[in-house]
Amino acid sequence: MKKFGMINMRAQPFHRGHQEIINEILLAGLTPIIVLGSSNKERDKLRNPLTYAQRKELIRTIFPNIPIVFVRGLDYSNWDIWYDKLIEEMKIVIFREFDKEIENLQDDIVIFHNNKEVDITSYHFNGKNYVNTWYTDLFDDEGFETREVQFVSRDDIKIDSNARDIRENLEGLKHLLDARVYYKLKEWGW
């Protein structure tokens, strides 16, 4: 039986789409593992305005009493290195948090995601070329169970927007944020 639901996100900032995926993980009876990507990137106002600690704080603001495992997601241009480091870090964190050694993460983790057109990419991983697809396809090929979370897409909610849109127009898209996240961002000078 699976124990964990993993989501890989940058959360720059944490928005309702991210929140919905974590809700789906919790509703599935799984413990969330949140991989906060680009944790090794320099802060910059346009793409990476929030630190790893600030992003954790925003998520904890919404889920204060839920056991959540946080993993520093590191970016590498080589997808094989990225994957190996991610798997290694997840094993270390799960051992540290739960005193549980896991050999085969595929037995315990479901990968949750929402594939958006803006996330389509091409890359080389494990001897295979992936062309115009999502990075999550590699998890399928590596034997993980994956679940795509479908969002409601209504014009009044505009859930199909992403964190980049929010960074560029916080006031116009604040409805995509939980009010607690919005006020924390304002407190931080956004």
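It should be noted that the structure appears before, not after, this text.
Residues numbered from 1 in each chain as written. Predicted model: local features only at pLDDT ≥ 70, side-chain atom pairs only at ≥ 80, totals over all residues. Heavy atoms only, no water.

Colleague: Would you mind going over the sheet that holds strand β3 (residues 69-72) with me for this structure?
Modeller: The strands that make up a sheet pair up through hydrogen bonds in the backbone, lying either parallel or antiparallel. The strand order across the open sheet built from 5 strands is β3-β2-β1-β4-β7, with neighbouring strands paired in parallel fashion. Looking at the sheet topology across the chains shown, the edges are occupied by β3 and β7 (145-148). Adjacent strand axes in the sheet meet at a mean angle of 25 degrees when their direction is disregarded. Sheet analysis places strand β2 (residues 31-36) next to β3, joined by 4 bridges and oriented parallel. (Pairing = 2+ DSSP bridges. Helix = DSSP H or I, 4+ residues; strand = E, 2+ residues; numbered from the N terminus. Axes fitted to C-alpha atoms, helices over the stretch in contact; angles between N-to-C directions.)

Colleague: Hey, could you run me through unusual backbone geometry in this one?
Modeller: As a rule of thumb, non-glycine residues mostly have phi less than zero, and peptide bonds are mostly trans rather than cis. In this structure, Pro13 follows Gln12 across a cis peptide bond, with omega equal to 10 degrees. Note that Pro13 resides in the loop between β1 (4-9) and α1 (16-27). Non-glycine residue Ala11 carries a positive phi angle of around 55 degrees. Tracing the chain through its elements places Ala11 in the loop between β1 and α1. Within the chain, Asn132 stands out as a residue other than glycine whose phi angle is a positive 45 degrees. Position of Asn132 among the secondary structure elements: in strand β6 (residues 128-133).

Colleague: For this particular structure, what's the right way to read the nonpolar core?
Modeller: A general tendency of soluble globular proteins is for nonpolar side chains to be buried together. Met9, Phe14, Ile22, Ile34, Leu36 and Ile59 are the most contacted members of the largest nonpolar core, which has 29 residues in total. Within the residue set of this core, elements represented by two or more residues are β1, α1, β2, α2 (52-62), β4 (109-113) and α6 (179-187). The biggest single contributor to this core is α2, with 4 residues. The contacts of Ile59, once residues within four sequence positions are left out, are Met9, Phe14, Ile22, Ile34, Leu36, Ile68 and Phe70. In this structure, Val69, Met90, Ile94 and Phe125 belong to the second largest nonpolar core, which totals 24 residues. (Core = buried A, V, L, I, M, F, W, Y, C linked by side-chain atoms within 4.5 Å. Buried < 20%, exposed > 50% of the residue type's maximum accessible area, 1.4 Å probe, protein only. Contact = heavy atoms within 4.5 Å.)

Colleague: Is there a simple way to think about the layout of surface pockets in this case?
Modeller: Where empty space is left can be seen by rolling a probe of water-molecule size over the atoms. Looking at the largest pocket, its volume works out to about 1,100 Å³. Lining the largest pocket are 41 residues, with Asn8, Arg10, Arg47, Asp119 and Tyr135 positioned closest to its centre. Of all the secondary-structure elements, those providing two or more residues to the lining of the largest pocket are β1, α1, α3 (79-98), β4 and α5 (163-168). Per-class residue counts for the lining of the largest pocket are 17 nonpolar, 16 polar and 8 charged. (1 Å grid on protein atoms, 1.4 Å probe; cavity = no way out; pocket = protein on both sides within 12 Å on 5 of 7 lines; lining within 4 Å. Points joined across faces, edges and corners; volume = space filled by probe spheres on them. Nonpolar A, V, L, I, M, F, W, Y, C, P; charged D, E, K, R; others polar.)

Colleague: Explain the pairing of β1 here, please?
Modeller: Within a regular beta strand, the side chains point alternately toward one face of the sheet and then the other, so they alternate between its two faces. Within β1, 5 of the 6 residues are buried, leaving the element largely enclosed by the surrounding structure. Once the chain exits β1 it traverses α1 before rejoining the sheet at β2, and the crossover so formed is right-handed. Here β1 pairs with β4 via 3 bridges, running parallel. Each bridged residue has a counterpart across the sheet, and for Phe4 the counterpart in β4 is Ile109. (Right-handed = clockwise from strand over helix to strand, strands pointing away.)

Colleague: Even after reading the chapter, I still don't get the packing of α2 against α6, so can you show me in this structure?
Modeller: How two helices sit against one another is set out by the angle between their axes and by the gap between those axes. Running from N to C, α2 and α6 point in directions that differ by 145 degrees, and their axes come no closer than 9 Å. In the packing of α2 onto α6, the handedness of the crossing is right-handed. Each of Glu57, Leu58, Thr61 and Ile62 in α2 lies in contact with α6, whose residues at this interface are Arg180, Val181, Lys184 and Leu185. Split into classes, the residues belonging to the contact of α2 with α6 amount to 4 nonpolar, 1 polar and 3 charged. (Left-handed = near helix turned anticlockwise from the far one by under 90°.)

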